[in-house]
Amino acid sequence: SFLKWMPIIWHCLPLNNYFMREKIMEEISSKSRLAVALFAWFLGVFGVHRFYLGKIGTGILMLVTCGGLGIWAFIDFILAVAGVMKDKEGKLIKNW
């Protein structure tokens, strides 16, 4: 049946190789995920975690809006814990 061959076909597609290569080449930041998560939880409304990541512009914006009334800070906390937040250079914050 066709479904039996689907995984083999998927791995042969050029697009899949492109995405796999991009994932492998993605760099990991030296910033601490624990520090980002703690900053976001306790000082998120002041944007401290954004300043720590080098994102000065959004840090100031969070400071002015009180972390998007806390919503933006909470979302950033979830992103930090999940390990999908990136620093200013676009590197993933993965290391605890």
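Anything mentioned here points back to the structure above.
A few points on the structure. Because the structure is predicted, anything quoted here is derived from the model rather than measured. (Residues numbered from 1 in each chain as written. Predicted model: local features only at pLDDT ≥ 70, side-chain atom pairs only at ≥ 80, totals over all residues. Heavy atoms only, no water.)

On to the nonpolar core, then. Within soluble globular proteins, side chains that are nonpolar generally end up buried alongside one another. Membership of the largest hydrophobic core is limited to six residues, which are V36, A37, L53, A80, M85 and I93. Beyond its immediate stretch of four places on either side in the chain, A37 contacts F77, A80 and V81. (Core = buried A, V, L, I, M, F, W, Y, C linked by side-chain atoms within 4.5 Å. Buried < 20%, exposed > 50% of the residue type's maximum accessible area, 1.4 Å probe, protein only. Contact = heavy atoms within 4.5 Å.)

With their axes 6 Å apart at the nearest point, helix 5 (residues 56-69) and helix 6 (residues 71-82) run at an angle of 110° to one another. The angle between helix 5 and helix 6 places the two elements in the roughly perpendicular class. Contacts between helix 5 and helix 6 involve T58, L61, M62, T65, G67, G68 and L69 on the former and, on the latter, I71, W72, A73 and D76. Across the contact of helix 5 with helix 6, the residue classes break down as six nonpolar, four polar and one charged. (Axes fitted to C-alpha atoms, helices over the stretch in contact; angles between N-to-C directions. Helix = DSSP H or I, 4+ residues; strand = E, 2+ residues; numbered from the N terminus. Parallel < 35°, antiparallel > 145°, perpendicular 65-115°, else oblique. Nonpolar A, V, L, I, M, F, W, Y, C, P; charged D, E, K, R; others polar.)

Our next topic: the pattern of salt bridges. Enumeration over the complete set of coordinates arrives at three salt bridges. Close ionic contact of K91 with E89 constitutes a salt bridge, the shortest N to O distance being 3.3 Å. Judged by relative accessible area, E89 falls into the exposed class, the value being 62%. Within the structure, one salt-bridge network assembled from shared partners comprises E27, E89 and K91. (Salt bridge = Lys/Arg side-chain N within 4 Å of Asp/Glu carboxyl O.)

Even without a glycine there, the phi angle at C66 is positive, about 55°. Along the chain, C66 turns up in helix 5. Overall, C66 belongs to the partly exposed group, its relative accessible area being 43%. The backbone of L69 sits at a positive phi, close to 60°, despite the residue not being glycine. You can see L69 is positioned in helix 5.

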